[in-house]
Amino acid sequence: MIEAFETPASVAQAVAMRVKQRRTSIRLTQAELAQKAGLPLATYRRFEQKGKIAFEGLLQIAFALDCLNDFNALFASQSWATMDDMLAQTKPAKRVRHD
């Protein structure tokens, strides 16, 4: 869960750190993962060091690491400001009786 004090840059850096951990756990070098993802090595290195990468490049890395499905949850859940907001949007439609 993202805390309120986090920034896009800090989240990007955290994602880069998790990718690096995954890469090293499966014993791939930066060059090997970059090649597997179809990215220039310099692009991949910049991502690990600074968390900066184009979204498509991030998807290519996720695909290479067999994590692409993790993106299916992105923006999938809805959050509500109040319980009333949630209930208003999740109530089943009223049934209309046809006689």
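Overview of the structure.

Rules of the game
Residues numbered from 1 in each chain as written. Predicted model: local features only at pLDDT ≥ 70, side-chain atom pairs only at ≥ 80, totals over all residues. Heavy atoms only, no water. Helix = DSSP H or I, 4+ residues; strand = E, 2+ residues; numbered from the N terminus. Buried < 20%, exposed > 50% of the residue type's maximum accessible area, 1.4 Å probe, protein only. Contact = heavy atoms within 4.5 Å. Areas by Shrake-Rupley, 256 points an atom, 1.4 Å probe, with all protein chains shown as cover. Expected span 1.5 Å × (residues − 1). Arc of directions from axis to C-beta. Core = buried A, V, L, I, M, F, W, Y, C linked by side-chain atoms within 4.5 Å. Phe/Tyr/Trp six-rings, centres within 6.5 Å; stacked < 30°, edge-to-face > 60°. Patch = residues over 30% accessible without salt bridge, like charges linked within 9 Å, V, L, I, M, F, W, Y side chains within 5 Å. Salt bridge = Lys/Arg side-chain N within 4 Å of Asp/Glu carboxyl O.

Some remarks on the overall build of the chain
For the chain, the count of helices and strands is five helices and zero strands. The N-to-C order of helical and strand elements in the chain reads α-α-α-α-α. The buried share of the chain, reckoned over its 99 residues, is 20%. Taking all contacts inside the chain whose residues are at least 6 apart in sequence as the whole, residues at least 24 apart take part in 40%. A total accessible area of about 8200 Å² is found for the chain, and carbon and sulfur atoms account for 56% of it.

Quick notes on the environment of N69
By the element assignment, N69 lies in the loop between α4 (55-64) and α5 (83-90). Separated by ten residues in sequence, N69 and L59 place their C-alpha atoms 9.8 Å apart.

Some points on helix α1 (residues 8-25)
With 18 residues, α1 extends 26 Å from end C-alpha to end C-alpha; this agrees with the ideal 26 Å at 1.5 Å per step. Where α1 is concerned, the buried positions are A16, V19 and R23. Considered in projection along α1, the buried side chains sweep an arc of 60 degrees and stay on one side of the axis. Residues R18 and S25 are exposed on α1 and point more than 90 degrees away from its buried face.

Here we look at the nonpolar core
What tends to happen in soluble globular proteins is that the nonpolar side chains get buried as a cluster. Grouped together as the largest cluster of nonpolar side chains are 15 residues, with contacts concentrated most on V19, L33, A37, Y44, F47, I61 and L65. Contributions of two or more residues to this core are made by α1, α2 (30-37), α3 (41-50) and α4. Ignoring anything within four residues of it in the chain, the contact list for L33 reads V19, R23, L28, Y44, I61, A64 and L65.

Quick notes on the packing of aromatic side chains
Tallying each qualifying case throughout the model produces two aromatic pairs. With a centroid separation of 5.8 Å and an interplanar angle of 85 degrees, the aromatic rings of F55 and F71 are classed as edge-to-face. Separated by 16 residues along the polypeptide, F55 in helix α4 and F71 in the loop between α4 and α5 bring together distant segments of the chain. Taking the relative accessible area as the measure of exposure, F71 reaches 23% and is therefore partly exposed.

Some remarks on unusual backbone geometry
With phi around 60 degrees, D66 is a residue other than glycine that occupies positive phi space. Within the fold, D66 resides in the loop between α4 and α5. Even without glycine at this site, F75 takes up a positive phi of about 65 degrees. Along the chain, the position of F75 falls in the loop between α4 and α5.

Side note on a nonpolar patch on the surface
Together, F55, L74 and F75 make up an exposed nonpolar region whose accessible area comes to about 390 Å². What makes F75 exposed here is its relative accessible area of 77%.

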